[in-house]
Structures are given as C-alpha cells and as structure tokens.
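Report on the structure
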Amino acid sequence: MNLTRYFNVTYLLMGLGYTALFHGVWLFSTQFEIISGTVSWYLPAGVRLAAFLLLPIYSWPLLLIAEKSTHFILFHPGGILDNTAFLSGTIGWYLVHLVLSPAVICTCVYLFRRRFSAPYIDNVSSTLATLAFGVLISVALGAVFLGRRAIELQTGIEVFLSILFDFSLGDFVGIVVLCPFLFALYKRPSIPKSHLVLYLTTIAWLVLLMLSSYAYSQQINISYQVKYLAVFPALFLSYRYDIVGSAFSCLLIGITAFVVASQSALPPIEHQFYILASCTSCLILGASINQSTLLNVKLAKKTRISKYRCKALRHWPVNWW
C-alpha cells in the first residue's frame, strides 16, 4: 500500500489548518454555553462537517490525527482546557474519541458523498438532503458523546434525551452557520468584483451590529429590532446572489444572533430557532434561485439549437420524387 497517498505534506497542512480552525471556534463557542461544559452553539461542528465533506477522503487520516492529538493535549486529565464535566481519562472517554466518533463521522460522510457532491447547496434537493444529514450527524455524535457520560453517571433516560436534544441543536446551529460559507468558498474561492451590492450590504449589516453594541453600552437596547430586521437583507442577498448570497446570509445571521445574545439576559438556546429558521429559509431560497438560473441557461441553449436547426431545414433543398 502506498502510504504517501494518505500521508504527505499537503494533507498535513490541511490537518493542521483544520485543527487550528476547529479549536479556535471551539474557544469562541464556549462563551455561549447552554449546559455547563457540555453544550454550546457548537461552531466546530460546522468546521468538522465541511472539512470531511469537502477535503479529499485520502486526507481524513491526517485530519483525525491532527485534531485528536491536539484534543488530547488540551483536554487530557490535567490539561489546560480540561473540565470535570468532561469526565476525561476514563476508558469510555478514550474509546469515544479514538474509535467511535471517528467511525461515525467517516462512515456517515462517506455514504453521503457517494450520493451527493460539492457544493451540496446548489439545488433544492441536495440542500434539503444536506440539512437532513446535518441533523442526523448531530444526533449521532451527540448520542455517542453523551451516551458515554450517561452510562458513567447513570443518567436517567428523560434527562439524557433532554440534554441530547440541546446538544444536537447546538451542533446543528454550528453546521448551518459555517458550512454554507465554507461550501461557497470551495465553489468560488474569490467573490467577483461585480458583487458590489453584496459587499455594501455586508458592510452595512456589520455597521448596524456595531451601532447596536454601542447603543447597548449607552443603556439603549435595540437588539430585538436588529435581530428581526436582519431577516430582510438576508433574504435579499439569497435572492440576488443565490449560493454565495445565502452563505453570507447564514454567517451574518449567526453573527447577529451572537451579538443579540450578548445583549440579552435570555439563554443562547432562545436564539437558536431564530438562527435555524432564518438560515434554512435563506439556503432554500438561494438553492432554488441557483437551480432556476441553471435551468434557464439550459433552456436558452436548447432554444438556440432548435432555432439553428429550423433555420438550417428551411434552406435545405427539397427532393421531389
């Protein structure tokens, strides 16, 4: 077996980049915990799923080695990010992180990639399938991680299911916020200069969030208004720029919800359904616009061909027998 197919400098760099981004957004996600040490708006779930869906399958071993090595350095018993809530160091902890969770993510993603291809959000059917897959992988990994803890702590089934719901919801939020943006970058590494309105809308959106933060510092809370006004530019970008617009909208909706959550006494989970509903709407709208555009292009091409053939037939000599 040729090991260079799996272990080379390119895949090593991919693994290091993936690990840095994964743990970087993990640190941010912990600022919005729902259950202490367990559940947050888990942005790493979006990084993880996008990496395994987009990067070559041969890169997976180095992705896992890089991420798991860093995880054990940071979270092993006595590590700088260790927490008693993680129950690290047990046999179940090692089994889950070394065997079960990699097996779940690799098996599920491999089967999904056999049926669908990147960028996964370019038509309505693949978008719905990707969203459903995001829910499935969130629940599956949640069952693995939390199931181990439930067995070790002898947690009741009612409590376990309640925590699993919150955990899966947090993972799915991370997926719908980050995955579309990473998918769009995969398809279009650079945004065309003609997308001026996209830039201006994004800048205006971010300025509005900064004004909201400034107003909050002056004891004026307009976060509620900002939260729901953000739906309009999100739908506009999705309609105007299809996949790219919906990807930007999902990312900006996530940022908006994070800002609003920091200005509200409500727990982050109260904002999760807002994120899911808004992002799902934007993704379906963007996918339908992109699909419609592609169908119109194909129809226009067939029309031109038909006109050319009709014109050719008119000038074709007729033989009378």
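Residues numbered from 1 in each chain as written. Predicted model: local features only at pLDDT ≥ 70, side-chain atom pairs only at ≥ 80, totals over all residues. Heavy atoms only, no water.

Here's the deal with the confidence of the model for the protein
Operational definition: Confidence of the predictor at the level of single residues is given by pLDDT, which spans 0 to 100. We call two residues in contact when some of their heavy atoms are within 4.5 Å.
Confidence along the protein averages 86 in pLDDT terms, with 91% of residues attaining 70 or more. Across residues 35-39 the pLDDT falls below 50, and counting only partners more than four positions away or on other chains, this stretch makes 17 contacts in the model.

Here we look at the environment of I121
To keep things clear, this is the line we draw: The helix count covers DSSP runs of H or I at least four residues long, the strand count covers runs of E at least two residues long, and both are numbered beginning at the N terminus.
Secondary-structure assignment places I121 in the loop between α4 (91-115) and α5 (124-153). Between the C-alpha atoms of I121 and G170, which are 49 residues apart in sequence, the distance is 21 Å. Aside from chain neighbours lying at most four places away, what touches I121 is S126, T127, P180, F183, I243, L283 and A287.

Points about the pattern of salt bridges
The criterion, for reference: We count a salt bridge whenever a side-chain nitrogen from Lys or Arg sits within 4 Å of a carboxyl oxygen from Asp or Glu. The rule is simple: take the accessible area with a 1.4 Å probe, protein chains only, and divide by the maximum for that residue type; under 20% is buried, over 50% is exposed, in between is partly exposed.
Under the criterion given, the structure shown has three salt bridges. In this structure, K68 engages E67 in a salt bridge whose closest nitrogen and oxygen atoms are separated by 3.5 Å. The pair K68 / E67 is uniform in exposure class, with both members buried.

So, the packing of helix α3 (residues 60-75) against α4
This is how it is decided: Only C-alpha atoms enter the line fits that serve as axes; for helices the fit covers just the stretch in contact. Angles between N-to-C directions range over 0 to 180 degrees. Each angle is binned into one of four classes, with values under 35 degrees roughly parallel, values over 145 roughly antiparallel, values of 65 to 115 roughly perpendicular, and all other values oblique. Whether a crossing is left-handed or right-handed is set by the direction in which the near helix is turned from the far one by less than a right angle, anticlockwise for left-handed and clockwise for right-handed. In this classification, the charged set is Asp, Glu, Lys and Arg, the nonpolar set is Ala, Val, Leu, Ile, Met, Phe, Trp, Tyr, Cys and Pro, and all remaining amino acids, among them Gly, are polar.
At a closest axis distance of 12 Å, the pairing of α3 and α4 adopts a crossing angle of 150 degrees. The orientation of α3 with respect to α4, classified from their angle, is roughly antiparallel. Handedness of the crossing formed by α3 with α4: right-handed. Judged by residue contacts, W60, L64, K68, H71, F72 and F75 of α3 engage W93, Y94, H97, L98, S101, P102, C106, V109, Y110 and R113 from α4. Tallied by class, residues from the contact of α3 with α4 come to 11 nonpolar, three polar and two charged.

Considerations on the packing of aromatic side chains
Keep this limit in mind: Centres within 6.5 Å are what make two rings of Phe, Tyr or Trp a pair, Trp counting through its six-membered ring; a difference in plane orientation under 30 degrees is then read as stacked, over 60 as edge-to-face, and the rest as tilted.
According to the stated counting rule, one finds 16 aromatic pairs in the structure shown. Between Y18 and F52 the ring centres are 6.1 Å apart and the planes differ by 85 degrees, which places this aromatic pair in the edge-to-face class. With Y18 in helix α1 (residues 9-29) and F52 in helix α2 (residues 44-54), this residue pair connects regions lying 34 residues apart in the sequence. Measuring from centroid to centroid gives 5.9 Å for F112 and Y120, while their planes differ by 35 degrees, and the two rings are tilted. Y120 carries the same exposure label as F112, and that label is buried.

What to know about helix α9 (residues 231-262)
How we decide: Multiplying 1.5 Å by the helix residue count minus one yields the expected span of that helix. The term bend refers to the angle at a residue between two fitted axes, each drawn through seven residues, those ending there and those starting there.
Taking 1.5 Å as the rise per residue, α9 with 32 residues should run 46 Å; its terminal C-alpha atoms sit only 19 Å apart, a clear shortfall. Helix geometry: α9 is bent most strongly at D242, by close to 155 degrees. Counting buried residues in α9 gives 23 out of 32 residues, a clear majority hidden from the surface.

Quick word on a nonpolar patch on the surface
We count it as follows: Here, patches come from residues exposed beyond 30% relative accessible area and free of salt bridges, joined within 9 Å for like charges and within 5 Å for nonpolar side chains (Val, Leu, Ile, Met, Phe, Trp, Tyr). For the area figures, the Shrake-Rupley method with a 1.4 Å probe applies, and any residue is considered shielded solely by the protein chains shown.
Together, L196, Y199, L200, I203, V207, M210 and L211 make up an exposed nonpolar region whose accessible area comes to about 670 Å². Within the secondary structure, L200 sits in helix α7 (residues 196-217).

Remarks on the environment of S168
By the secondary structure assignment, S168 is in helix α6 (residues 157-187). Sequence separation between S168 and V139 is 29 residues; the distance between their C-alpha atoms is 5.2 Å.

Brief notes about the state of the cysteines
To keep it simple, the criterion reads: Put simply, a disulfide is two cysteine sulfurs that come within 2.5 Å.
Within this structure, the stated rule accounts for zero disulfides. The thiol of C106 is not disulfide-bonded; the next cysteine sulfur, from C108, is found 9.6 Å away. Looking at C106, the relative accessible area reads 18%, which means it is buried. The closest cysteine sulfur to the non-disulfide-bonded C279 is located on C250, 3.8 Å from its own sulfur. On the basis of relative accessibility, which here comes to 0%, the residue C279 falls in the buried class.

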